[in-house]
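Listed below are the residues making up each chain.
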Amino acid sequence: MFADKDISKFNNIETPFYYYDTDLLQKTLRTCADAAAPYQFHIHYALKANFNSVLLNQIKEIGFGADCVSAGEVRRAVEVGFDHKKIVFAGVGKSDKEINEALDLDIFCFNVESIQELEVLNELAGKKGKTAQVAIRINPNVDAHTHHNITTGLDENKFGINSWDLPECAETLKASPNLKFIGIHFHIGSQITNLDVYKNLCVRVNEFAAWFEDKGFSLKVLNVGGGLGIDYYNPDHQIPDFESYFKIFNEFLTVKPGQEVHFELGRALVGQSASLITRVLYIKNGKKKNFVVLDAGMTELMRPALYQAYHKIENLSQSRATGSKSEIVKYDIVGPICESTDCFGKEVEQPESFRGDIFAIRSAGAYGEVMASKYNLRDAIRSVYSYEI
Ligand code: LLP
């Protein structure tokens, strides 16, 4: 929800830009930390959702660790001041260079996704005279009931080690003197809104933990990944239900004394804290369609083009200026890029709109700014923070 004073300030700023509400981010982080505290759950923030340093500083201050998927993210986390003992490093294709860099930075844990990666990590750690802590990422074959492009925990997905490879994995771990096996890791998908999915995950985690313990391994870490969704349809219901989410893991996960439960949350922490603010360049009224052409496109926010993702779109200028009296028109709301998928929404009802109107594309804090591209040699997207204006 934007106040009139925000909207008049937006009018004076060059568009497009991401507008970050740092107060809302703070509230979201606090709510999550408070909900996790009674269970002593460990939270790692998934940098892939947004690695903007202003946000990272706030997240680090709350005491969360970092979940990284490239050496660049590990480096960014260390630069911002995340404790290296709270950094985990996942990814199905870590290069030797990236592994070496993470070994040098003495991170907490490598989340390993294949048997061959275990062998490479053992060798590279040995060359440095180091012992690398590892968790095995297991593909639990649990359906996340989310968009198929962001489902990661099914047999057909490339992520993690499949259950039928676990006996060989256990042998490799035993034969790897430079690895310390500390736990098991899962991540079944993103934008999960049906919390029952997590009950199914817990059941599978319990089975895999028992399997390893049967084989004589002791597990210090159960890392259940992230994936908690946000409400894109109601961006003003801004804070996800962290309490119910953590409660499920407390109820359904078997945690042995001394074991730690780790989470890797991205979207749920940062998703609602930003909107993409953009201006109408042109209105094109056709026979079949009416178009609003914005000065932001798929180069600034790729999710609608890539996943047909829904983001609520608001004409801030007209909704304030004329209230409910204005005429409602159905528009295809598009960007300036020479691609037909460069469309934020089709047949979207809006008050009649005009050149120069300011639009907000909501819930753009996660996988927005970080997925922006230079396609068409567009200017790099800028960021504006609520404390600045
Ligand atoms: N842990 C691992 C191993 C992951 O792969 C991911 C996300 C996360 C944690 C954090 O998931 P989250 O809590 O944010 O759902 N670009 C897509 C989302 C890709 C998610 C990739 N992995 C989108 O815009 O919807």
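A brief report on the enclosed structure follows. Model, not experiment: these values are computed from the prediction.

## Considering the packing of aromatic side chains
A ring pair, where both rings are aromatic, is described by two values, the distance of the centres and the angle of the planes.
No. 1: Considering all chains together, one arrives at 25 aromatic pairs under this definition.
No. 2: Consider the rings of Y233 and Y310, whose centres lie 4.1 Å apart with planes at 5 degrees: the pair is stacked. Of the two residues, Y233 sits in the loop between β9 (221-223) and α9 (242-252) while Y310 sits in the loop between α11 (303-307) and β13 (313-315), which places them 77 residues apart along the sequence.
No. 3: With a relative accessible area of 36%, Y310 lands in the partly exposed category.
No. 4: Summarising the aromatic geometry, the rings of Y245 and F249 are spaced 5.2 Å apart at their centres and angled 75 degrees between planes, so their arrangement reads as edge-to-face. Highlighted residues: Y245 and F249, both in helix α9, separated by four residues, approximately one helical turn. Exposure class is identical for Y245 and F249. Each is buried.
No. 5: K215 extends its terminal NZ or CZ atom over the ring of W211, reaching a point 4.6 Å from the ring centre.

## A look at the site of the ligand
No. 1: As a matter of local geometry, the ligand sits amid 18 residues, with S190, E264, R267, R303 and Y367 nearest to it.
No. 2: Contact between the ligand and E264: a nitrogen atom at 2.7 Å from a side-chain N or O atom of the residue.
No. 3: Bound to the protein, the ligand loses 92% of the 590 Å² it would expose on its own.
No. 4: Only β10 (260-265) and α11 provide two or more residues apiece to the shell around the ligand.
No. 5: Among the residues making up the shell around the ligand, the classes are represented as six nonpolar, six polar and six charged.
No. 6: Residue assignment places the shell around the ligand across two domains, with domain 1 (4-17 + 272-388) and domain 2 (22-271) each supplying three or more.

Conventions and cut-offs
- Residues numbered from 1 in each chain as written.
- Predicted model: local features only at pLDDT ≥ 70, side-chain atom pairs only at ≥ 80, totals over all residues.
- Heavy atoms only, no water.
- Phe/Tyr/Trp six-rings, centres within 6.5 Å; stacked < 30°, edge-to-face > 60°.
- Helix = DSSP H or I, 4+ residues; strand = E, 2+ residues; numbered from the N terminus.
- Buried < 20%, exposed > 50% of the residue type's maximum accessible area, 1.4 Å probe, protein only.
- Lys NZ or Arg CZ within 6 Å of the ring centre and 35° of its normal.
- Near = heavy atom within 4 Å.
- Polar contact = N/O pair within 3.5 Å; in protein donor to acceptor, adjacent residues only side chain to side chain.
- Areas by Shrake-Rupley, 256 points an atom, 1.4 Å probe, with all protein chains shown as cover.
- Nonpolar A, V, L, I, M, F, W, Y, C, P; charged D, E, K, R; others polar.
- Domains from an automatic or database assignment.

Any functional reading would require information that these geometric values do not contain.
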